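One letter stands for each residue in the lines below.
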Amino acid sequence: MGAESGSVPRTPREHQRRWLQHRKQRETESRGDVSVGVAASFTAEPVEAQAGALLLDAGFTDPQIHFADYNQLHQVCLDPTAMLGEDVEVVVLLWRIEDVFEQPLARYLAGDDAAGTEILDGVAELASLVANLDSTSKATTCASTPPHPGGWGIDLRDVVTSLRVGRLHREAVSAWLDGLASAPFVEIVDLDALQRLAGESQVFDTQKWAMYRQPYRGDFWLELGAQIAEVVVRRTTPPPKCIVLDCDNTLWGGIVGEDGLGGLQLGDTFPGRAFQAFQHELQTLKSRGFMLALATKNSEAEVLDVFERHEGMVLTLADIATRQIHWQPKSESIRAIAAELNIGVDSLVFVDDSPFEIAEVSAAFPELRCLQVPEELAELPFLLSESGLFRRVRISGEDRQRTEMMQSEAKRRTQLKTMDRPQFLASLELRVIFSSVSDDHVTRVAQLTNKTNQFNVTTIRRDESQIRQLVQSPAHDVWAIQVSDRFGDYGIVGVAIVDHGADASTIDTFLMSCRVLGRGVETAFLTAIADDAVARGVTSLVGHYEATRKNGQVATFYADHGFEADSAFPGLFRLDLREGRPQTPAHITLAR
């Protein structure tokens, strides 16, 4: 919920007016398009209008936000549906040490060290309940960190008190995060960081705390609401995959074709320092799995010279997944980058200093998200973070290696130009590893089930909690394939979910990334599934095909592999395993 939405109301009062207007217009019988349940150790109802208005801005038509009774965190963890409703999709838990452990904290401040131990034990117990909630509930779990205790009766200007409270807080946060280590998919709202960022004296509302147990002022409810809205939006909105960058006056100050290498602003002094800090942020995002690309109207030799020779450069050519350096319209560069990376234009973020260039690409691609270099260069290092586009993105091992994968793919395309198709496939030395999905790979599997459209026979979407439940189910197998060749590792590119019955195994989900299509990998994957079914003793393998607007290329997938269409049930295909099954192509090594 950042700067990408220029129409978002900017004040808590504007949010509240918008939300109240929506509530009046909403039909009473509406069930809403998302249900959020909030449980807090304080009175948190003011966050409803802030989060609700932001969700409306994000495209939800009727978000529902429910509240558990005050300070019922433990009860909600034990039975969330009873406290928040059966349809709850996101459970938000907000808490403060001074609320949950009010009496022990008072004793601790009076010198009772045993009370401090009691608090830490209680924190660990609460973390265990939250971890258990995340593993057993279908809802997304979102929990806050505890902020530094303050408010009534805590004189933080007294060094004895501040040091004692600070030590307890550090140990409490450590115990909390240690307890959540077994639940890596819990979303975190860093209430502690938000409160420190705003300043405790600026956020605490003494009167409302005394009267209603509402600890915060209006502006802080907006900050907190934005965090909750981000969690909800990220469940359904795919994050960007690639940042497309201009060069002149974006990666460095000045125009290389006019100012030359020595005339560019890029170094330890301002304004060059701002460009350097911006590059550091880009490199950080690249390490987290976001690809970087160049789209600049320039001489390629001069741009490459800056990357290779300017001592102020942070980014290197190895950080760039692909580049378009020429004098053609940047919309053409955007189109070419999306095609080369095999991703949609809506997965790109375009950064440029020129309003003209941003207008040109926006007119060609309305779905493209654009960020303009600010006129005040001191704000440039915050451009990406303040956009909010790169927050709360789950990172898999494959994500971190995307740039290297794309560079390897470019080498494959070069190789293909020198050989015919069979020679090329044989030269790749393809290796497919077939294995059960482990907890380490749940994030990647959920990504694939939610993003893969073209080679996806049923297009069933599942989140991480649903994938984990299937992994643990004795009646199901969740399979994945990892593919590599002599140019590099593609990572996990295929997922299958198989439901086992007494006589037949049914393929509920079968999907693959477009990166490996046309190389026989899908046949090797299906072969491994069929072999496993035979090993189980079943006599038939069943597959479903559900037609969508984008998956027409797999309409004949099962028929092409020997399955017979079931005339009584359109879209159902059966393979009699007693009569044969698919075979792994000769140019592929299949490992289990």
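Right above here is the structure, for reference.
Draft legend 1. Structural context of the packing of helix α6 (residues 102–109) against helix α8 (residues 159–179). Their axes nearest at 11 Å, the elements α6 and α8 cross at an angle of 135 degrees. Taken together, the axes of α6 and α8 lie oblique to each other. Between α6 and α8 lies a crossing of right-handed hand. Contacts between α6 and α8 pair Leu105, Tyr108 and Leu109 from the former with Thr161, Arg164, Val165, Arg167 and Leu168 from the latter. Here the residues of the contact of α6 with α8 sort into five nonpolar, one polar and two charged.

Draft legend 2. Quick peek at the pairing of strand β6 (residues 242–245). On β6, burial covers both faces: Cys242 and Val244 on one face and Ile243 and Leu245 on the other are all buried. In the sheet, β6 pairs with strand β7 (residues 291–297) via four bridges, with the strands oriented parallel. Across the sheet, Ile243 pairs through a bridge with Leu292, a residue of β7. Bridge count for β6 against strand β9 (residues 348–352) is four bridges, and the pairing is parallel. Looking across to β9, one finds that Cys242 is bridged to Leu348.

Draft legend 3. Just the environment of Gln583, in detail. Here Gln583 shows up in the loop between β17 (572–576) and β18 (588–591). Residue classification places Gln583 among the exposed residues on the basis of a relative accessible area of 59%. A sequence separation of 56 residues divides Gln583 from Thr527, and the C-alpha atoms of the two residues are 5.7 Å apart. Those residues in contact with Gln583, other than ones at most four positions away along the chain, are Thr523 and Thr527. Reaching out from Gln583, the side chain makes a polar contact with the backbone oxygen of Arg581 at a distance of 3.3 Å.

Draft legend 4. Summary view of the packing of helix α1 (residues 12–25) against helix α2 (residues 47–57). Following both chains from N to C, one finds α1 and α2 inclined at 75 degrees, their axes separated by 8 Å at the closest point. Comparing their axes, α2 and α1 come out roughly perpendicular. Each of Pro12, His15, Gln16, Arg18, Trp19, His22 and Arg23 in α1 lies in contact with α2, whose residues at this interface are Glu48, Ala49, Gln50, Gly52, Ala53, Leu54, Leu56 and Asp57.

Draft legend 5. A look at the environment of Ala378. As for its placement among the helices and strands, Ala378 is situated in the loop between β10 (369–372) and α18 (383–387). Given a relative accessible area of 41%, Ala378 falls into the partly exposed group. The sequence separation of Ala378 and Phe270 amounts to 108 residues, and the corresponding C-alpha distance is 8.4 Å.

Draft legend 6. Fine view of the pattern of salt bridges. Scanning the model with the defined rule gives 24 salt bridges in all. For Arg164, the salt bridge identified is with Asp113, shortest N-O distance 2.6 Å. Of the two residues, Arg164 sits in helix α8 while Asp113 sits in helix α7 (residues 113–136), which places them 51 residues apart along the sequence. For the salt bridge of Asp566 with Arg574, the shortest nitrogen-to-oxygen distance reads 3.2 Å. A single salt-bridge network, built from bridges that share partners, covers Arg96, Glu98 and Asp99.

Draft legend 7. Examining α2 more closely. A large share of α2 lies buried, amounting to 11 of its 11 residues. Taken from the residues just after α2, Gly59 is the one with a positive phi, measuring 110 degrees.

Draft legend 8. How the structure looks around unusual backbone geometry. The step from Phe270 to Pro271 runs through a cis peptide bond, and the omega angle for that step is 10 degrees. Relative to the helices and strands, Pro271 resides in the loop between α13 (256–259) and α14 (272–287). Positive phi, normally seen in glycine, also occurs at Arg213, with a value near 60 degrees. Along the polypeptide, Arg213 turns up in the loop between α11 (206–212) and α12 (218–236). Unlike most non-glycine residues, Glu429 shows phi in positive territory, near 60 degrees. For Glu429, the location among the structural elements is in the loop between α21 (421–428) and β11 (430–436). Look at Glu429 and you get exposed, because its relative accessible area is 55%.

Draft legend 9. Just the sheet that holds strand β13 (residues 488–500), in detail. Taken together, the eight strands give an open sheet; going across it, the order is β16-β17-β15-β14-β13-β12-β11-β18, and neighbouring strands pair in mixed fashion. Two strands close off the open sheet at either side, each with one partner strand: β16 (564–565) and β18. Looking at chain direction, strand β12 (residues 476–485) and β13 are connected through 10 bridges and run antiparallel. Directly across from Asp485, in β13, lies its bridge partner Gly488. Across the sheet, helix α22 (residues 442–451) is in contact with β13 and β14 (504–512); its angle to β13 comes to roughly 80 degrees.

Draft legend 10. Molecular detail of the sheet that holds strand β2 (residues 63–67). A sheet is described by the order of its strands in space; here five strands give the open sequence β2-β1-β3-β4-β5, paired in parallel fashion. Two strands bound the open sheet, and with one partner strand each, they are β2 and β5 (187–189). Averaged over all neighbouring strand pairs, the angle between strand axes comes to 20 degrees, with direction disregarded. Sheet topology note: the strand β1 (residues 34–40)/strand β3 (residues 90–94) ladder contains five bridges and is parallel. Across the sheet, residue Val36 finds its bridge partner in β3, namely Val90.

Draft legend 11. Looking closely at the packing of aromatic side chains. In this structure the tally under the stated criterion is 18 aromatic pairs. Taking 6.2 Å as the distance between ring centres and 50 degrees as the angle between the ring planes, the aromatic pair formed by Phe455 and Phe510 counts as tilted. Pair noted here: Phe455 is in the loop between α22 and α23 (464–472) and Phe510 is in strand β14, with a separation of 55 residues, a long-range link. Here the aromatic cluster, defined as three or more aromatic residues joined through ring pairs, consists of Phe434, Phe455, Trp479, Phe510, Phe525, Phe557, Tyr558, Phe563 and Phe573. The positively charged end of Arg96 is found above the aromatic ring belonging to Trp209, 4.8 Å away from the centroid. Sitting over the ring of Tyr108, Arg164 keeps its end group 4.0 Å from the ring centre.

What counts and how
Residues numbered from 1 in each chain as written. Predicted model: local features only at pLDDT ≥ 70, side-chain atom pairs only at ≥ 80, totals over all residues. Heavy atoms only, no water. Axes fitted to C-alpha atoms, helices over the stretch in contact; angles between N-to-C directions. Helix = DSSP H or I, 4+ residues; strand = E, 2+ residues; numbered from the N terminus. Parallel < 35°, antiparallel > 145°, perpendicular 65-115°, else oblique. Left-handed = near helix turned anticlockwise from the far one by under 90°. Contact = heavy atoms within 4.5 Å. Nonpolar A, V, L, I, M, F, W, Y, C, P; charged D, E, K, R; others polar. Buried < 20%, exposed > 50% of the residue type's maximum accessible area, 1.4 Å probe, protein only. Pairing = 2+ DSSP bridges. Polar contact = N/O pair within 3.5 Å; in protein donor to acceptor, adjacent residues only side chain to side chain. Salt bridge = Lys/Arg side-chain N within 4 Å of Asp/Glu carboxyl O. Phe/Tyr/Trp six-rings, centres within 6.5 Å; stacked < 30°, edge-to-face > 60°. Lys NZ or Arg CZ within 6 Å of the ring centre and 35° of its normal.

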